[in-house]
Amino acid sequence: MTGVPASAAGGTGRRPAPGAKLGAAAVDQASLWNIANILTMIRLVLVPGFVFLLLAEGGYDPAWRAWAWAAFAVAMITDIFDGHLARTYNLVTDFGKIADPIADKAIMGSALICLSWLGDLPWWVTGVILGRELGITLLRFWVIRYGVIPASRGGKLKTLAQGTAVGMYVLALTGPLATLRFWVMAVAVVLTVVTGLDYIRQAVVLRRRGLAAEAAAR
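Residues numbered from 1 in each chain as written. Predicted model: local features only at pLDDT ≥ 70, side-chain atom pairs only at ≥ 80, totals over all residues. Heavy atoms only, no water.

**Remarks on the overall build of the chain**
And then number 1: Tallying secondary structure elements over the chain gives seven helices and zero strands in all.
And then number 2: Walking the chain from its N terminus toward its C terminus, one meets helices and strands in the order α-α-α-α-α-α-α.
And then number 3: The 218 residues of the chain split such that 36% are buried.
And then number 4: For the chain, the share of sequence-separated contacts (at least 6 apart) that also reach a separation of at least 24 residues comes to 73%. (Helix = DSSP H or I, 4+ residues; strand = E, 2+ residues; numbered from the N terminus. Buried < 20%, exposed > 50% of the residue type's maximum accessible area, 1.4 Å probe, protein only. Contact = heavy atoms within 4.5 Å.)

**Digging into the environment of Val74**
And then number 1: By the element assignment, Val74 lies in helix 3 (residues 62-88).
And then number 2: Its relative accessible area of 39% is what places Val74 among the partly exposed residues.
And then number 3: Expressed as a C-alpha distance, the spacing of Val74 and Ile42, which sit 32 residues apart in the sequence, is 9.2 Å.

**Here's the deal with the packing of helix 5 (residues 123-143) against helix 7 (residues 176-217)**
And then number 1: Remark: helix 5 packs on helix 7, axes separated minimally by 10 Å, with the N-to-C direction vectors making an angle of 20 degrees. Comparing the axis directions of helix 5 and helix 7 gives the class roughly parallel. Note that helix 5 runs across helix 7; the crossing there is left-handed. The residues of helix 7 that touch helix 5, namely those facing Trp124, Val125, Val128, Ile129, Arg132, Ile136, Leu139, Arg140, Trp142 and Val143, are Met185, Val189, Thr192, Val193, Thr195, Gly196, Tyr199, Ile200, Ala203, Leu206 and Arg207.
And then number 2: Of the residues contributing to the contact of helix 5 with helix 7, the split by class is 15 nonpolar, three polar and three charged. (Axes fitted to C-alpha atoms, helices over the stretch in contact; angles between N-to-C directions. Parallel < 35°, antiparallel > 145°, perpendicular 65-115°, else oblique. Left-handed = near helix turned anticlockwise from the far one by under 90°. Nonpolar A, V, L, I, M, F, W, Y, C, P; charged D, E, K, R; others polar.)

**Here's the deal with the pattern of salt bridges**
And then number 1: Taken as a whole, this structure holds eight salt bridges when the rule is applied.
And then number 2: In this structure, Asp100 and Arg43 form a salt bridge, with 2.6 Å as the shortest nitrogen-oxygen distance. Here Arg43 lies in helix 2 (residues 35-55) and Asp100 lies in helix 4 (residues 94-117), a separation of 57 residues in the sequence.
And then number 3: Classification of Arg43 by relative accessible area gives buried; the value is 0%.
And then number 4: Of the charged contacts, one joins Lys158 and Glu133 as a salt bridge, the two residues approaching to 2.9 Å between their closest N and O atoms. With Lys158 in helix 6 (residues 153-170) and Glu133 in helix 5, this residue pair connects regions lying 25 residues apart in the sequence.
And then number 5: Each of the salt bridges in this network shares a partner with another, and the network as a whole consists of Arg43, Asp79, Asp100 and Asp104. (Salt bridge = Lys/Arg side-chain N within 4 Å of Asp/Glu carboxyl O.)

**Focus on unusual backbone geometry**
And then number 1: Phi at Glu57 is positive, roughly 55 degrees, even though this residue is not glycine.
And then number 2: Looking at where Glu57 falls in the secondary structure, it is placed in the loop between helix 2 and helix 3.

Below you can see the structure in the form of structure tokens.
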């Protein structure tokens with residue numbers, strides 16, 4: 001609203017509708033509160049609640065561990081759906097791009113650290129998984145000027161195996177189920193290492209191609 005007639009400004013003679021800019025801003029603001037972002041926010045909020053439930057009563061009460069597993073399961077389920085909804089219904093936002101991976105690593109990292117602190121999971125397992133996640137994140141930034149490393153089927157399988165294994169460790173399992181969770185975690189660790197090496201290979205190839213393209217353009 002500049003106060004200049006539309007005809008003088010070379011317009012069509014129609015004045016812009018009052019509140020047009022406000023309406024656009026409102027739409028942009030509303031887009032932040034889409035269902036995909038809300039699910040991501042729920043996952044972030046669940047992290048401290050999950051830690052509290054897992055460590056309640058010294059961390060060894062089966063009932064509290066069951067509640068902790070429920071919180072972890074909800075977080076894993078929202079992780080599946082928020083990305084799918086964002087891509088399917090075009091709900092991708094800058095907030096979601098940043099918050100979604102943070103929420104993923106926060107819930108998984110807190111679970112691994114708490115389980116190792118309680119003595120249920122060897123620290124080296126936690127170190128391998130978290131080290132891999134941090135390393136791949138840094139690797140993506142290292143080659144981002146040359147392109148994006150896409151998520152692979154192996155990476156998705158790794159995430160599923162990690163979530164299943166950690167969920168089984170959160171529960172106070174005994175007997176054959178306790179033995180089974182060991183082997184599920186072993187599979188998760190193997191997939192973590194193998195897919196991590198594959199991401200490194202892809203990053204090296206991507207960077208070489210990018211450098212070659214830059215050299216050819218000179």
